[in-house]
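One-letter residues, chain by chain:
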Amino acid sequence: MPILWALASPKIGEREVLASMLQVEAGVVAGHDGILLISDKGFASQPFEKRLAEQGIELLRPSRKPERARHGEAILTKIRQLIESVNDIASFPTDDAHHADLWQWVAGFGQLAQAGVEGTGSYGYRLAQFLTGRGITVFEVN
């Protein structure tokens, strides 16, 4: 099961972050048939869903008002509660001294191979240096 994640600014739209991740990780998508992407209403967009379908990705999300109920929506609430209960939220000061704190937090999720970083001023650059110094492939998320 492919799992992708990125650290991104809350000012960047969810669809933009996902599109960047899928572009960088095109091999992961190409190597798996029948990918099901479970999301919230924020991913609702006919053009976006069409692009996902072209990559062989099915989007499972709640319906928006006044949409009719979508296929698979009945089980979505239980699945999303399970997924969201596993996730965590953390906040770290944006300075070099706290990169190790971020590193320790991320390590709690397993081995990190790649990271998406928004290049906001010198912080993004310094964080990218910190990560690449530990063998992590870093890609920019705009």
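Bear in mind that the values here come from a model prediction, so they are computed numbers and not experimental data. (Residues numbered from 1 in each chain as written. Predicted model: local features only at pLDDT ≥ 70, side-chain atom pairs only at ≥ 80, totals over all residues. Heavy atoms only, no water.)

### Concerning the overall build of the chain
Here's step 1: In terms of regular secondary structure, the chain is built from 6 helices and 4 strands.
Here's step 2: When the elements of the chain are put in sequence order from the N terminus, they spell out α-α-β-α-β-α-α-β-α-β.
Here's step 3: The long-range share in the chain, meaning contacts at least 24 apart out of those at least 6 apart in sequence, stands at 42%.
Here's step 4: Per element, the accessible surface of the chain, about 9600 Å² overall, is 53% carbon and sulfur. (Helix = DSSP H or I, 4+ residues; strand = E, 2+ residues; numbered from the N terminus. Contact = heavy atoms within 4.5 Å. Areas by Shrake-Rupley, 256 points an atom, 1.4 Å probe, with all protein chains shown as cover.)

### Looking at unusual backbone geometry
Here's step 1: The step from Lys65 to Pro66 runs through a cis peptide bond, and the omega angle for that step is 0 degrees.
Here's step 2: Note that Pro66 resides in the loop between strand 2 (57–60) and helix 4 (73–86).

### Re the nonpolar core
Here's step 1: Membership of the largest hydrophobic core is limited to 10 residues, which are Leu18, Leu22, Val29, Ile35, Leu37, Phe43, Phe48, Leu52, Ile57 and Leu59.
Here's step 2: If we skip the residues at most four places from it in the chain, Leu22 touches Leu4, Val29, Leu52, Gln55 and Ile57.
Here's step 3: Counting 9 residues, the second largest nonpolar core, distinct from the first, contains Leu102, Leu112, Val117 and Leu127. (Core = buried A, V, L, I, M, F, W, Y, C linked by side-chain atoms within 4.5 Å. Buried < 20%, exposed > 50% of the residue type's maximum accessible area, 1.4 Å probe, protein only.)

### Some remarks on empty space enclosed by the protein
Here's step 1: Applying the stated criterion to the full structure yields 1 cavity of 30 Å³ or more.
Here's step 2: By volume, the largest cavity amounts to about 50 Å³.
Here's step 3: Lining the largest cavity we find Leu7, Leu102, Trp103, Val106, Leu112, Ala115, Phe130 and Leu131.
Here's step 4: Element by element, the count of residues in the lining of the largest cavity is highest for helix 5 (residues 99–107), at 3 residues.
Here's step 5: Counted by class, the lining of the largest cavity contains 8 nonpolar, no polar and no charged residues. (1 Å grid on protein atoms, 1.4 Å probe; cavity = no way out; pocket = protein on both sides within 12 Å on 5 of 7 lines; lining within 4 Å. Points joined across faces, edges and corners; volume = space filled by probe spheres on them. Nonpolar A, V, L, I, M, F, W, Y, C, P; charged D, E, K, R; others polar.)

### Quick look at the pattern of salt bridges
Where side chains of opposite charge bring their charged atoms close, a pairing between them can arise.
Here's step 1: Overall, the coordinates contain 4 salt bridges when judged by the stated rule.
Here's step 2: We note a salt bridge from Arg126 to Asp96, for which the minimum N-O separation is 2.6 Å. Of the two residues, Arg126 sits in helix 6 (residues 121–132) while Asp96 sits in the loop between helix 4 and helix 5, which places them 30 residues apart along the sequence.
Here's step 3: Here the salt bridges share partners, and the residues they tie into one network are Glu49, Arg61, Glu67 and Arg70. (Salt bridge = Lys/Arg side-chain N within 4 Å of Asp/Glu carboxyl O.)

Read these as spatial facts, not as claims about activity.
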